[in-house]
Amino acid sequence: MRYHDLMTDRAKVIPTTCWECSTHCGALATVEDGRAVKIAPNPDHPGSKGAFCVKGIRGLPELTYHPDRVLHPLKRIGARGEGKWRRVSWDEALDEIFAGLSAARETYGPLSLAGAVSNATFSRGVALTQMLRAFGSPNLLINQDLCGGCRAVSDMVTGLGIGNGEDIDNTRCALVVGRNPYAANPAEWMALKRAQAQGAKIVVIDPAETPAAKIADLWLQPRPGTDAAIALAMIRVLIAEELYDRDFVARWCHGFDKLAARAETFTPEFAAEISGVPADEIVRAARLYADGPSCFVSGHGIDAFTAGVQTFRAFHALVAISGNLDRPGGNLRVRKPKGYRSYLDVQKMPEHRLPREVEEQTLGAAQFPLWSGPDSWQNVCHNPTAIEAMLTGKPYPLRALHVSGVNIVVTYPDTRRTIAALKSLDFLSVATHMMTPTAEYADIVLPKTTGLEEEDVTLENGGVCVGMIQPVGPPQGEARDDFAIARGIVDRLIASGDNEAARFYPWADKRAFNDCLLGSSGITMEQLRETGYATFPRAFGNFEETGFRTPTGKVELYSERLAALGLDPLPGHTPPRVTRADAATRAEWPLLLLTGAREKSYHHSRYRDHGWARKVSPEPWVQIHPDTAAEAALADGDWVLVETPDSDGACRLQVAVTDAVAPGVLRTGMGWWYPEAQGPERGALDININGAMSYGAPWDPATGSPDTRGLLCRISAVEGTGREVRNEKGV
Ligand SMILES: Nc1nc2c(c(=O)[nH]1)N[C@H]1C(S)=C(S)[C@@H](COP(=O)(O)OP(=O)(O)OC[C@H]3O[C@@H](n4cnc5c(=O)[nH]c(N)nc54)[C@H](O)[C@@H]3O)O[C@H]1N2
Ligand SMILES: Nc1nc2c(c(=O)[nH]1)N[C@H]1C(S)=C(S)[C@@H](COP(=O)(O)OP(=O)(O)OC[C@H]3O[C@@H](n4cnc5c(=O)[nH]c(N)nc54)[C@H](O)[C@@H]3O)O[C@H]1N2
Ligand code: SF4
Ligand SMILES: [Mo]
């Protein structure tokens with residue numbers, strides 16, 4: 001399409017990308033007088049193919065032009081969390097941050113500094129990582145241990161390199177596991193419907209009847225946390241019925257015989273006993289999947305829990321032995337244009353790294369070397385270990401923190417402890433759009449640009465294209481991007497006489513960083529500005545050329561890296577919490593809690609201050625089966641208090657009675673706070689499920705992820721409706 005055709009005298013149309021969630025839909029922004037007046041899908045975009053959602057249409061512009069948006073740097077003048085601020089200049093704010101970080105460094109050493117972002121593989125992740133490294137600290141907190149970390153570490157040690165590469169459009173069978181694409185990823189959802197219309201089968205594994213389960217040819221409803229047993233039984237069926245890809249296994253897989261021996265015990269009947277899914281359904285799922293090409297579409301439902309890596313290992317082994325790796329209709333390996341640098345490439349460049357002996361001291365590296373430290377996935381720290389260091393000074397003190405683009409008070413488990421940790425710091429700065437519960441505890445708050453005000457470049461999901469965000473006009477107020485913020489701080493470090501700092505942070509501005517990403521790929525900013533993306537040639541299955549990044553150079557069904565660390569080298573099933581708990585514990589905590597169900601109107605803690613979103617979903621809900629509700633004498637719309645054994649907090653939720661979940665299973669979302677509530681936490685200790693959860697052990701042995709699902713819990717009724725209860729409590 002020629003976007004210019006869409007222009008009128010006043011308005012121009014800019015091809016860009018919505019980055020409000022990781023789907024990264026191609027977008028067309030209609031701009032009048034430097035202001036976006038309409039955001040619409042770009043049907044030409046090779047990744048999203050016209051998919052879009054209300055968060056892109058309404059959330060992004062309303063965030064950008066919100067009357068309560070933070071538009072100027074602020075300095076705390078009252079007690080921490082008291083909500084008293086003074087507007088300051090950028091120079092004063094950056095001086096304060098530099099002074100705060102430097103003071104901690106002088107007293108406690110460089111390791112006492114940390115940063116928090118959502119993911120190191122975002123541009124702001126690079127800005128913050130490199131800024132911290134300039135100060136000598138490797139301690140970056142990301143929230144991937146709560147998100148896609150288990151999948152990524154399994155992918156890394158298995159050697160697949162598939163990231164999010166899913167060729168749903170050309171598949172014959174999509175195996176959707178722990179994924180709710182209807183709410184979480186409209187591009188995926190549309191692709192599934194297109195594939196089904198062309199005759200592809202859809203198999204869904206989910207304890208809840210999601211829209212995907214509703215349209216599926218086969219829906220397996222397992223007990224939470226038992227998916228690895230199902231995957232191992234499917235592997236067993238493929239091997240026993242000789243439905244696996246002999247040629248691919250012989251040429252490219254390491255440890256097939258050992259995998260076969262492991263899977264041997266997982267008869268469909270045994271897996272049925274563990275998972276509650278009938279054996280014949282498991283066999284049917286295996287046969288449908290074996291009739292490929294097939295595509296494994298995975299989600300958060302089997303990630304972010306204490307058996308996340310092993311569960312993914314089982315499904316990743318299934319992808320490999322069925323030969324569905326990097327062929328049309330299968331799971332595609334991540335590609336990038338020759339000469340292009342991904343965000344992680346930039347951070348892994350030797351000249352950008354700290355000395356190995358420093359990286360080895362990253363918080364968490366001793367226990368989780370695949371997650372933290374020099375040889376790990378994103379070289380970040382283990383969050384619960386970092387929070388412990390803030391509160392106790394052990395294993396060493398963590399005293400100053402810069403946060404950008406995360407709302408950790410709401411989105412980390414154990415809200416009370418996160419708040420206590422933030423309050424205990426010597427210095428805290430937060431770059432944000434809105435005054436979130438996290439920003440409320442800061443010493444300095446910085447106004448941050450939105451996805452309508454930045455110029456960003458990224459390699460899109462699985463390498464389908466290189467995409468870009470284009471600014472529609474100048475930022476609102478005094479907002480700046482994370483690169484300008486990091487530049488300002490690093491410049492002060494250099495001016496103080498630290499010449500080493502320059503090597504870690506060489507970019508004058510975001511534009512220079514974007515040029516660094518494009519490298520020698522031949523893709524230009526001009527080209528990207530014209531269409532909003534750039535495609536490049538892709539070759540399938542060229543394993544001879546690319547090899548696999550594992551010790552053996554093959555896909556490791558038996559992982560040498562896991563073996564060397566003393567972890568289970570073969571995919572295995574870890575009994576979930578409820579199975580491990582004794583009878584007394586189960587009696588006291590009789591229900592199972594799933595958290596994190598996505599809603600179309602929210603992205604985690606975002607948009608809670610938007611009228612349109614609150615209208616769609618006004619209160620935090622919890623799904624309860626009619627039998628469970630009847631037993632507890634609860635009706636639709638009642639409010640309950642939810643508690644879990646490892647937390648002294650609680651969370652109030654509104655009951656939604658539905659048979660979409662099994663009896664005894666509760667399913668809720670996450671990310672709730674009431675922007676209109678009083679107090680710095682603004683409801684985050686009241687209606688936020690993380691306020692009722694622990695971030696402590698047990699953790700996944702490879703990633704350190706806690707259980708965000710399959711938690712034991714109990715409920716009790718609370719009087720009145722949500723709003724009344726809230727007012728009575730004086731919040
Ligand atoms: N609208 C919207 N979209 C989003 C987001 C958002 O906040 N809002 N967040 C984005 C982000 S960061 C992420 S990580 C993704 C996450 O999106 P998804 O990957 O879809 O994750 P969830 O919605 O957490 O869970 C998916 C499904 O897992 C199921 N599940 C729970 N426990 C189990 C289990 O033990 N086994 C199996 N097989 N399934 C289980 C749940 O019932 C749920 O239907 O969404 C992204 N997209
Ligand atoms: N119990 C439980 N907890 C969970 C989960 C769960 O399922 N259950 N899910 C986990 C998952 S998958 C994730 S990804 C995390 C999400 O956790 P967060 O990343 O904290 O979630 P958000 O609320 O989306 O984002 C926080 C802030 O980022 C700001 N922001 C958005 N874009 C930008 C930007 O470009 N730059 C900057 N500086 N700021 C920006 C927004 O204004 C918002 O205030 O939560 C995790 N927590
Ligand atoms: S799914 Fe919605 S929020 Fe996510 S990138 Fe697409 S339009 Fe934006
Ligand atoms: Mo996530």
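For clarity, every value in this text was computed on a predicted model and none was experimentally measured. In every chain, residue numbers begin from 1 and rise along the written sequence. Each chain is given a letter, starting from A, and each ligand a number, starting from 1, according to the order in which they appear as written. With the structure being a predicted model, the display of local features is reserved for residues of pLDDT at least 70 and the display and counting of side-chain atom pairs for 80 or more, all residues being used for whole-chain, interface and lining totals. No hydrogens and no water enter the side-chain calculation; it runs on all heavy atoms of the structure.

Thoughts on the domain arrangement of the protein
Moving on, step 1. Just so you know, the domain bounds were taken from an automatic or database domain assignment. Under the domain assignment, the protein is made up of domain 1 (74-148 + 337-453 + 488-508), domain 2 (166-332) and domain 3 (577-728).
Moving on, step 2. On a C-alpha basis, the centroid separation for the pair domain 1 and domain 3 is 29 Å.
Moving on, step 3. The quantity reported as buried area is the accessible area (1.4 Å probe) lost by two parts once they are put together, taken as the sum for both. Buried area between domain 1 and domain 3, summed over both chains or domains, comes out near 2,300 Å², and the portion from carbon and sulfur atoms is 60%.
Moving on, step 4. Any carboxyl oxygen of Asp or Glu that lies within 4 Å of a side-chain nitrogen of Lys or Arg is treated as forming a salt bridge with it. Note that Glu 440 and Arg 682 form a salt bridge whose closest N and O atoms lie 2.6 Å from each other.
Moving on, step 5. Here a polar contact is recorded for every N or O atom pair within 3.5 Å, except that within protein the pair must consist of a potential hydrogen donor and a potential acceptor, and residues adjacent in sequence are included only if both atoms are side-chain atoms. Where domain 1 packs against domain 3, one counts 14 residue pairs in polar contact (both at pLDDT 80 or more).
Moving on, step 6. Secondary structure elements with two or more residues in the side of domain 1 that touches domain 3: helix H16 (383-392), helix H17 (408-411) and helix H18 (415-424). In DSSP terms, a helix is any run of H or I states spanning at least four residues, a strand is any run of E spanning at least two, and both are numbered starting from the N terminus.

Here's the deal with the site of ligand 3
Moving on, step 1. Surveying the vicinity of ligand 3 reveals the residues Cys 18, Glu 20, Cys 21, Thr 23, His 24, Cys 25, Phe 52, Cys 53, Lys 55, Gly 56 and Pro 186.
Moving on, step 2. Partitioned by chemical class, the residues of the shell around ligand 3 number six nonpolar, three polar and two charged. Near, as used in this document, describes a residue that has one of its heavy atoms within 4 Å of the molecule or strand being considered. Residue polarity follows a fixed list, in which Ala, Val, Leu, Ile, Met, Phe, Trp, Tyr, Cys and Pro are nonpolar, Asp, Glu, Lys and Arg are charged, and the others, Gly among them, are polar.

Section: the sheet that holds strand E3 (residues 35-41)
Moving on, step 1. Strand pairing is defined by DSSP finding a minimum of two bridges between the two strands. Across the sheet, which stays open at both edges, the three strands sit in the order E1-E2-E3 with antiparallel pairing between neighbours. If you trace the sheet from one side to the other, it starts and ends with strand E1 (12-17) and E3, each paired once. Mean inter-strand twist for the sheet, computed between neighbouring axes without regard to direction, equals 30°.
Moving on, step 2. The pairing of E1 with strand E2 (residues 26-32) spans six bridges and is classified as antiparallel. In this analysis an axis means a line fitted to C-alpha atoms, helices contributing only their contacting stretch, and an angle means the value between N-to-C directions, from 0 to 180 degrees.

Side note on H16
Moving on, step 1. Burial analysis of H16 places seven of its ten residues in the buried class, the great majority of the element.
Moving on, step 2. Only protein chains enter the calculation, and the probe is 1.4 Å; a residue is then buried if its accessible area is under 20% of its type maximum, exposed if over 50%, and partly exposed in between. Along H16, the positions that sit buried rather than exposed are Asn 383, Pro 384, Thr 385, Ala 386, Ile 387, Ala 389 and Met 390.
Moving on, step 3. Residues are treated as being in contact if the distance between any of their heavy atoms lies within 4.5 Å. Contacts from the buried residues of H16 go to strand E7 (140-141), strand E13 (400-404) and H18.
Moving on, step 4. Positive phi appears at Gly 393, one or two residues downstream of H16, with a value of about 75°.

Things to note about the pairing of strand E24 (residues 665-668)
Moving on, step 1. Burial of the side chains of E24 extends over both faces: Val 665 and Arg 667 are buried on one face and Leu 666 and Thr 668 on the other.
Moving on, step 2. Pairing analysis gives three bridges linking strand E20 (residues 591-594) to E24, with the strands arranged parallel. Bridging across to E24, Leu 594 finds its partner in Arg 667.
Moving on, step 3. Strand direction decides the pairing type here: strand E21 (residues 621-624) and E24, joined by two bridges, are antiparallel. Each bridged residue has a counterpart across the sheet, and for Gln 623 the counterpart in E24 is Arg 667.

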